[in-house]
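Fold and contact review
One letter stands for each residue in the lines below.
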Amino acid sequence: IAMAYGKPIITSDLETMRECLADYEGAIFVPVGAPAAIAERLSEIYTQCKSGESMIYNPLGNTWDEIARQYEQIIEKIGIK
């Protein structure tokens, strides 16, 4: 949802998350199990937002229709009807 709206995403630095968010410029990776790093990045984002700095990122074509299409493909693959 955050990507669809072009918002920043703070996530753990896991291989799967890097793969999913590889082309999204709004992705912010923090070390796994590092709550202080999450707090620091949240503070940075808050400061940027309050300063008027743009916080909108290109959603890379992840429209609601595209997201729904991808969910339909997953559901078909796992056989849920």
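Within any chain, residue numbers begin from 1 and follow the written order of that chain's sequence. Where local features are concerned, this predicted model is filtered to residues with pLDDT of at least 70; where side-chain atom pairs are given and counted, the filter is 80 or more; whole-chain, interface and lining totals use all residues. Side-chain calculation: all heavy atoms of the structure are included, whereas hydrogens and water are not.

Turning to the confidence of the model for the protein, a few remarks are in order. Scored from 0 to 100, pLDDT reflects the predictor's confidence in each residue. On average, the protein scores 87 in pLDDT, and the residues at 70 or more come to 94%. Numbering goes from the N terminus for both helices and strands, where a helix is a DSSP run of H or I of at least four residues and a strand is a run of E of at least two. Taking the mean pLDDT of every element in the protein, the minimum, 86, falls on helix α3 (residues 64-78) and the maximum, 96, on strand β2 (residues 27-30).

Next up on the list: the pattern of salt bridges. Pairs can form between side chains of opposite charge whenever their charged atoms are close. Salt-bridge detection follows one rule: a side-chain nitrogen of Lys or Arg within 4 Å of a carboxyl oxygen of Asp or Glu. Counted according to the given criterion, the structure contains three salt bridges. Note that Glu66 and Arg69 form a salt bridge whose closest N and O atoms lie 2.5 Å from each other. Of this pair, Glu66 and Arg69 both sit in helix α3, three residues apart, which is roughly one turn of the helix.

Turning to helix α2 (residues 35-51), a few remarks are in order. In this analysis, the expected span of each helix is defined as 1.5 Å times one less than the number of residues it contains. The end-to-end C-alpha distance of α2, which contains 17 residues, comes to 24 Å, matching closely the 24 Å that a straight helix rising 1.5 Å per residue would cover. Backbone geometry just downstream of α2 places Gly52 in the positive-phi region, at approximately 90 degrees.

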